[in-house]
Amino acid sequence: MGTQAFDEIMGAGGQDGARPELADLCRWLDETPPDELRRRQHSAETTFRQLGITFAVYGESEASERIIPFDIVPRIFLADEWERLSAGLIQRVEAINAFLVDIYGERRILKEGVLPADLILGNPQFRPEVAGIRPPHDVWAHICGIDLVRTGPDEFFVLEDNARTPSGVSYMLENREAMVRLCPELFAKFRVAAVDSYPDMLLETMKSVAPRGCGQNPNCVVLTPGHYNSAYYEHSFLADSMGIELVEAADLVVDDDVVFMRTIAGRVKVDVIYRRVDDDFLDPLVFRPDSMLGVPGLIAAYAAGNVAILNAPGNGIADDKAIYSYMPEIVKFYSGGAPTLPNVETYRCREPDALRYVLDHLDELVVKLVDGSGGYGMLVGPTASRAEIERFRAALIAEPHRYIAQPTLALSTVPTLVEQGVAPRHVDFRPFLLTGSRGVQVVPGGLTRVALREGSLVVNSSQGGGTKDSFVLLPEHARGGGMTQAMGGMTQTIGGGLA
Amino acid sequence: MRLSIDHRTTYRFTKPQGRIVQLLRVTPGNTHDQTVAEWHISVDCDARLREHRDGFGNRTTMLYAEGPLDRLEIAVSGEVVTSHSDGVLHGTFEPLPPAVFLRSTPVTDAGEVLAGFAHRMTEGHSPLGALHALNRALHERFALDKGRPEPGLTVDDAFARDTATPRDLAQMFVACARSLDIPARYVTGYCDLQDGRRPTPHGWADGWVEGIGWIGFDPTLALSPEEHHVRIAVALDAAGCAPVAGSRLGEGEECLDVEVRVSGQ
């Protein structure tokens with residue numbers, strides 16, 4: 001299966017040389033000795049360790065902190081490929097927002113019978129507690145990470161929508177910084193769109209959705225569950241690079257339906273909260289009463305229109321795996337056109353015919369829990385042992401509604417530095433989209449995850465995956481001299497700008 | 001019928017509290033058969049009150065009070081005029097479709113035994129007949145527990161006992177109805193048929209019957225709520241529509257005293 005995969009640098013042929021636009025990368029790989037690549041990669045990983053970009057592995061008896069392996073060979077998107085992909089992503093995120101507005105408002109999509117009502121109304125991710133609330137500017141999914149896989153130059157499939165609190169953007173930024181520092185010659189060969197303006201874009205998005213009447217400079221904060229959270233580094237990194245406060249629930253108080261932050265100078269009003277706390281832990285008066293992480297009264301302040309919460313509470317219904325298989329219908333319903341970005345074909349095991357098919361083809365399919373994440377509770381049929389397959393068969397028969405199944409795709413590969421040298425490894429991609437009061441923006445880059453084991457399709461960091469930098473090339477007609485890298489500095493900027 | 005209600009909730013703290021934030025569900029709404037003539041909430045300290053409606057359509061009040069507080073008393077009083085309705089609800093504010101009330105919660109998830117009971121008691125009945133049968137069956141099975149309900153008690157554990165509080169009867173009712181695929185929800189409110197019980201806010205249930213709508217059932221009394229009942233709030237279970245959800249900033253223990261007087265004329 002791995003042999004038929006589309007290689008993003010070498011093309012479909014494999015041996016016949018690189019895709020012409022990317023020949024320079026091939027030459028770079030040929031010219032740079034593997035030991036030198038390894039030295040640079042090691043240097044990047046040392047920096048990540050020093051910065052503390054680690055994650056905790058769940059399910060291990062001791063809370064171990066690891067860094068996610070970094071691969072020095074970048075993945076490259078051509079300008080026109082990116083443009084087409086972006087259009088599909090924007091359409092998808094606009095539909096997600098329209099869906100959330102509708103599902104917590106009029107529920108037109110249920111009244112018109114496009115989705116089975118029980119799938120939404122009985123879903124624990126549909127939160128009646130926030131039904132009827134209108135977030136400032138009607139934006140729900142401010143920050144989305146859409147997980148994609150690729151099988152050809154323009155063949156992208158959405159694997160998963162992340163509309164709650166998608167993480168990983170700090171890897172996008174740190175990976176780029178490492179690449180600029182360690183492989184400056186690549187930025188001379190390729191005109192790469194900068195990603196370092198992400199914190200500015202995010203802050204701009206936050207300010208744009210501030211409740212009306214907050215003035216020119218609304219007070220924005222990042223709310224973290226605390227330093228025990230596996231993504232704490234990213235929370236502090238983002239607050240730091242946006243120049244705003246990183247707060248925990250105990251730092252916030254709600255009085256008279258207004259949110260305040262405790263400071264040494266007294267209470268300061270808070271207008272916009274980028275929360276990296278799950279819904280359940282936002283407000284103990286409304287969600288889980290035993291939550292120590294929550295802010296009592298936060299939902300009341302939000303319902304009163306006095307604070308914006310990014311992403312909006314209740315968003316889980318939009319990226320639920322049980323809803324995923326209906327996304328093509330959802331996109332069509334709200335955009336009025338066919339979805340540009342297809343889903344991976346999905347069997348809903350709640351449907352008896354689909355279940356029968358899945359049980360007959362377990363060795364070919366990927367089976368997922370609709371309420372699981374991070375690669376846990378997942379069966380990859382083609383590489384699974386007999387025992388694993390039988391375990392899933394029993395689980396599927398017992399609780400079919402909890403599972404979906406998908407064919408294993410020939411995921412694209414990208415050359416990756418491994419022990420034997422440079423070899424193709426399967427990748428996926430998580431681009432980030434920001435939605436503010438003025439519409440949706442695609443960040444020109446993203447998080448590429450790579451399955452470091454030969455032939456493996458599981459890219460999750462908890463399952464031995466690594467990351468790569470993702471270059472998005474600027475279009476030829478972009479004005480200016482392309483990239484200028486700040487020498488010795490930690491930033492890179494675009495010289496000129498986009499046409 | 002004219003019901004006058006006096007509901008006093010008093011918290012006493014062993015140590016002074018720095019701040020108190022509470023979400024109150026203590027205000028009835030108007031329906032076709034329930035008119036709120038007068039309603040007041042008063043608090044015995046300097047507190048800020050804000051009116052809201054939650055996702056279920058309930059009227060709620062946020063209470064914000066700064067300490068130091070060693071006690072907090074919330075006095076709710078008013079008059080409500082009710083009329084005869086055969087238990088069928090008309091003119092309630094319903095922002096959510098009935099199907100939402102098919103979902104269970106951790107305390108109202110009927111296990112095999114309780115679901116089996118629901119099935120046996122209602123065999124051969126129409127949905128409306130099934131709800132009436134459940135109401136009677138639960139009433140007959142349990143002696144009334146006049147004490148305070150046990151926090152977090154599940155319907156399965158409640159079903160294993162000989163006595164049940166009105167809360168547990170109503171939660172078992174909604175769990176049974178849902179196990180039969182009939183939308184059902186918990187209702188809090190007041191009732192003047194106290195029958196010698198320690199007066200507290202009362203709890204009963206609504207069941208949904210296609211073609212009729214929401215219908216009230218009170219398994220404590222084995223009848224449908226009538227003009228003796230004043231509805232305050234609905235939710236998936238009792239905790240979801242508790243009169244007070246609170247959070248306090250401060251150490252020490254709290255002692256809660258609730259006094260309810262309902263008198264009908």
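Residues numbered from 1 in each chain as written. Chains lettered and ligands numbered in written order. Predicted model: local features only at pLDDT ≥ 70, side-chain atom pairs only at ≥ 80, totals over all residues.

(A) Highlighting the overall build of chain A. Each helix and strand counted, chain A has 14 helices and 24 strands in total. The buried share of chain A, reckoned over its 499 residues, is 46%. By sequence separation, contacts in chain A at least 24 residues apart represent 67% of the contacts at least 6 residues apart. (Helix = DSSP H or I, 4+ residues; strand = E, 2+ residues; numbered from the N terminus. Buried ≥ 20, exposed ≤ 12 C-beta atoms within 10 Å, placed from the backbone. Contact = placed C-beta atoms within 7 Å.)

(B) Region of the structure containing helix H1 (residues 112-122) of chain B. Residue and element names in this part refer to chain B. Those residues of H1 that fall on the buried side of the exposure criterion are Leu114, Ala118 and Thr122. Around the axis of H1, the buried residues are gathered within 55° of arc, so they sit on the same side. Residues of H1 that are exposed and angled more than 90 degrees away from the buried face: Glu112, Val113, Gly116 and Arg120. Looking at the packing, one finds that the buried side of H1 touches helix H2 (127-141), helix H3 (155-159) and helix H4 (166-179). Gly124 lies just past H1 and shows a positive phi near 80°. (Arc of directions from axis to C-beta.)

(C) The arrangement of the domain arrangement of chain B in detail. Residues and elements named next belong to chain B. Domain boundaries assigned for chain B yield domain 1 (2-81 + 243-264) and domain 2 (84-240). Each of domain 1 and domain 2 has a C-alpha centre, and these two points are 24 Å apart. The partner domain 2 presents 23 residues to the 24 residues of domain 1 that form the contact. Residues that form the side of domain 1 that touches domain 2 fall into these classes: 10 nonpolar, 11 polar and three charged. (Domains from an automatic or database assignment. Nonpolar A, V, L, I, M, F, W, Y, C, P; charged D, E, K, R; others polar.)

(D) How the structure looks around the interface of chain B and chain A. Facing the 20 residues of chain B at the interface are 22 residues of chain A. Listing elements by their share of the side of chain B that touches chain A, those giving two or more residues are strand S1 (2-27), strand S3 (47-53), strand S4 (59-82) and strand S11 (244-249) of chain B. Partitioned by chemical class, the residues of the side of chain B that touches chain A number 12 nonpolar, three polar and five charged.

(E) Representation of the domain arrangement of chain A. Taken domain by domain, chain A comprises domain 1 (212-306) and domain 2 (346-408). Placing the centre of domain 1 of chain A and that of domain 2 of chain A at their C-alpha centroids yields a distance of 39 Å.

(F) Inspection of the confidence of the model for chain A at higher detail. All names here are of chain A. Per-chain confidence: chain A averages 88 in pLDDT, with 89% of residues scoring 70 or above. Low confidence marks residues 57-63, where pLDDT is under 50. Its contacts with residues over four positions away, or in another chain, come to seven contacts. Segment residues 480-499 is flagged for pLDDT under 50; beyond a separation of four residues in sequence, or across chains, it makes 36 contacts in the model. (pLDDT = per-residue confidence, 0-100.)

(G) Focus on the sheet that holds strand S9 (residues 213-217) of chain B. Residues and elements named next belong to chain B. Strand order across the open sheet formed by four strands is S9-S8-S7-S10, with antiparallel pairing between neighbours. Each edge of the sheet is formed by a strand with only one pairing partner; in this case those strands are S9 and strand S10 (229-235). Each strand of the sheet is rotated relative to its neighbour by a mean of 35°, with strand direction disregarded. Judged from the six bridges that link them, strand S7 (residues 184-191) and S10 form a sheet pairing that is antiparallel. Residue pairing for S10: Val187 is matched across the bridge by Val234. (Pairing = 2+ DSSP bridges. Axes fitted to C-alpha atoms, helices over the stretch in contact; angles between N-to-C directions.)

(H) Here's a closer look at the sheet that holds strand S14 (residues 365-369) of chain A. All names here are of chain A. Taking strand neighbours across the sheet as the criterion, the four strands line up as S13-S16-S14-S15 in an open arrangement whose pairing is antiparallel. Every other strand in the sheet has two partners, leaving strand S13 (347-348) and strand S15 (378-380) as the edge strands with one partner each. Pairing of S14 with strand S16 (residues 403-407), which is carried by five bridges, proceeds in the antiparallel orientation. Paired with Leu365 across the strands is Pro407, a residue of S16.

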